[in-house]
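Examination of the molecular architecture
Here are the chains, one letter per residue:
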Amino acid sequence: MFIQELKKIWKKERILLMLLIVFAFTATFLLPRLRSVTVTHEGEDAFGTRIEITRDWISRYGEEITLQEFEQIKQRYAESLSAGQAVISTEPYFAENQVFTYDDYLAYMQNVLNGADGYSYETFKKMRDLISANTEYSAMYYQEYERLMQNYENSIERKENANEMKLSGRAKETAASILGILQQEKGQGSLLPEEFVFYANRYFVNISVLCMILTLLIAAPVMVNDNGSNIRQGQYSSKTGRKIYRVQYLSMLLSLSAFTAAILIGYFLLWRTTGADDFFHCSIFSFQIMQIPTFAGIEYGKYMDTMILLIFLLINGIGGMVFYLSGTSHNYIEMLMKTLPVIFVGILLSLSLEDALFNENLFFRITGIRGIEFIPVSFIFVAGILMNLRSHHTQYKRQL
């Protein structure tokens, strides 16, 4: 009986429709996310260059940079530019801007970084380009190296300013308190690039929306077909038949769970092709990220696991609700009128997972409660199970 119910769900035409939806959704919404963080030739663009430098720092210093190690980073930067002294001595452009020695160049750079009057970034950029043309590294390398150093030095200040501007009330106070604790425990934070966190977050939010659409095709048709064929009463006329609701629910739950797990694991493996797994052991409290994580000590790999768990629970909860509502419907029109609002709510909850476990998450901004993302998802998951347990119990008793 269980196998027969599985066959009702996995019909050829339904499988083909689901594959078509997956293909179209992937090409439209997911591949652009992957391409945006896929580094094919390191050093050819700003992001790729920054990833190249960050990986080098991780290999040298580990996932976090101490103040002593940062001094070494600055020294290495100065040494890499020392070969430019000959360029400074021979290029008239440097003398025109009162730069005669390498120390003058570094002083000019510092004034530009500090925003001092009379010092132009464009002038500095041209001088840097002249130097980089005669040294080992590109101008893009120096630009991103400088950017990383600035982000490291200004990390806490940037987070404080963003929190002050974007949040209010309890959420702002909670985030500020968390930031103080994280700064004491982890200093400026890890080397994790911002793009790998928030592009991954949007990537999995989109996957959640895809799974939500496919849930309707897995959880709804069997029950409404049986009701429309008027075989429900016949099923309950025997002792074995009275167990059919439980069998159908378990077959749907198994199908939906297995399918959702396969989708999530498949897309997770696809995400790893970007090279993001090089940063899995980095804390999501990073000096490259302006947002503040609502929990201390979560590594990037664990963050990805958490996103997958949240989506898995949400999809199965919505699937349980859709299954229950389809069991009370006698035709597809009635079923769609009942289930589409639930799917819509599920999609809204999927979208609410943007910036999950960070201070700019929608629910955290409203409530200021750490881990708030788990509450609606857990409620939906439990509600989906309880609704079907109650329905099974009610229908079983009615037919005795």
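So, here is what we can say about the structure in this document. (Residues numbered from 1 in each chain as written. Predicted model: local features only at pLDDT ≥ 70, side-chain atom pairs only at ≥ 80, totals over all residues. Heavy atoms only, no water.)

Let us now look at the pattern of salt bridges. Tallied over the entire structure, the rule returns 16 salt bridges. Between Arg50 and Glu195 there is a salt bridge, with the nearest N and O atoms lying 3.2 Å from each other. One end of the pair, Arg50, is in helix α3 (residues 46-61); the other, Glu195, is in helix α11 (residues 194-219), with 145 residues separating them in the sequence. Classification of Arg50 as buried rests on a relative accessible area of 4%. Asp278 is paired through a salt bridge with Arg55; the nearest N and O atoms lie 2.7 Å apart. Taken together, the residues Asp278 in the loop between α14 (244-272) and α15 (300-327) and Arg55 in helix α3 connect sequence positions 223 residues apart. (Salt bridge = Lys/Arg side-chain N within 4 Å of Asp/Glu carboxyl O. Helix = DSSP H or I, 4+ residues; strand = E, 2+ residues; numbered from the N terminus. Buried < 20%, exposed > 50% of the residue type's maximum accessible area, 1.4 Å probe, protein only.)

Considered as a void within the structure, the second largest pocket measures approximately 270 Å³ in volume. Around the second largest pocket, the lining comprises 14 residues; the ones closest to its centre are Met109, Gln110, Leu113, Met149 and Glu153. Looking at the lining of the second largest pocket, the elements that each hand over two or more residues are α4 (67-81), α7 (102-113) and α9 (139-166). Split by residue class, the lining of the second largest pocket holds seven nonpolar, four polar and three charged. (1 Å grid on protein atoms, 1.4 Å probe; cavity = no way out; pocket = protein on both sides within 12 Å on 5 of 7 lines; lining within 4 Å. Points joined across faces, edges and corners; volume = space filled by probe spheres on them. Nonpolar A, V, L, I, M, F, W, Y, C, P; charged D, E, K, R; others polar.)

The subject of this paragraph is the side chain of Gln188. Checked against the element boundaries, Gln188 lands in the loop between α10 (169-186) and α11. Here the side chain of Gln188 touches Tyr152 through a polar contact of 2.4 Å, landing on its backbone oxygen. Dropping the residues within four chain positions of it, Gln188 is found in contact with Tyr152, Glu153, Ser155, Ile156, Phe285, Ser286 and Phe287. (Polar contact = N/O pair within 3.5 Å; in protein donor to acceptor, adjacent residues only side chain to side chain. Contact = heavy atoms within 4.5 Å.)

Look at helix α8 (residues 121-132): 16 Å from first C-alpha to last across twelve residues, which is about the 16 Å you get at 1.5 Å a residue. Every buried residue belonging to α8 is among Thr123, Phe124, Met127, Arg128, Ile131 and Ser132, and all of these are buried. What you see down the axis of α8 is that its buried residues fit within an arc of 165°, all on one side. You can read the cap of α8 off the contacts: a side-chain oxygen lies 3.2 Å from the backbone nitrogen of Glu122, and it is on Ser120. (Expected span 1.5 Å × (residues − 1). Arc of directions from axis to C-beta.)

This paragraph deals with the packing of aromatic side chains. All chains considered together, the criterion is met by 23 aromatic pairs. An angle of 65° between the planes, with centres 5.8 Å apart, marks the rings of Phe47 and Phe196 as edge-to-face. Placement of the pair is Phe47 in helix α3 and Phe196 in helix α11, with a sequence separation of 149 residues. Residue Phe196 is classed as buried on the basis of its relative accessible area, which comes to 0%. With 5.0 Å between their ring centres and 75° between their planes, Tyr108 and Tyr119 make a pair best called edge-to-face. (Phe/Tyr/Trp six-rings, centres within 6.5 Å; stacked < 30°, edge-to-face > 60°.)

The next subject is the nonpolar core. Tyr105, Phe204, Trp271 and Tyr300 are the most contacted members of the largest nonpolar core, which totals 106 residues. In terms of residue count, the dominant contributor to this core is α11 (17 residues). Residues in contact with Tyr105, not counting those within four places in the same chain, are Leu81, Ile88, Phe94, Val99, Phe124, Met127, Arg128 and Ile131. (Core = buried A, V, L, I, M, F, W, Y, C linked by side-chain atoms within 4.5 Å.)

A few words on the packing of helix α1 (residues 2-9) against α14. One can describe the packing of α1 onto α14 by two numbers: an axis separation of 9 Å at closest approach and a directional angle of 55°. The angle between the axes of α1 and α14 places the two elements in the oblique class. Our pair here, α1 against α14, has a crossing hand that is right-handed. On α14, the residues touching Phe2, Glu5, Leu6, Lys8 and Ile9 of α1 are Ile244, Val247, Gln248, Leu250, Ser251, Met252, Leu254 and Ser255. The residue makeup of the contact of α1 with α14, split by class, is eight nonpolar, three polar and two charged. (Axes fitted to C-alpha atoms, helices over the stretch in contact; angles between N-to-C directions. Parallel < 35°, antiparallel > 145°, perpendicular 65-115°, else oblique. Left-handed = near helix turned anticlockwise from the far one by under 90°.)

Turning our attention to unusual backbone geometry. For Gln98, which is not glycine, the phi torsion reads 60° and is therefore positive. You can see Gln98 is positioned in the loop between α6 (92-96) and α7. According to the relative accessible area criterion, Gln98 is exposed, its value standing at 56%. Even without being a glycine, Leu357 presents a positive backbone phi close to 65°. One can find Leu357 in the loop between α16 (332-351) and α17 (362-367).

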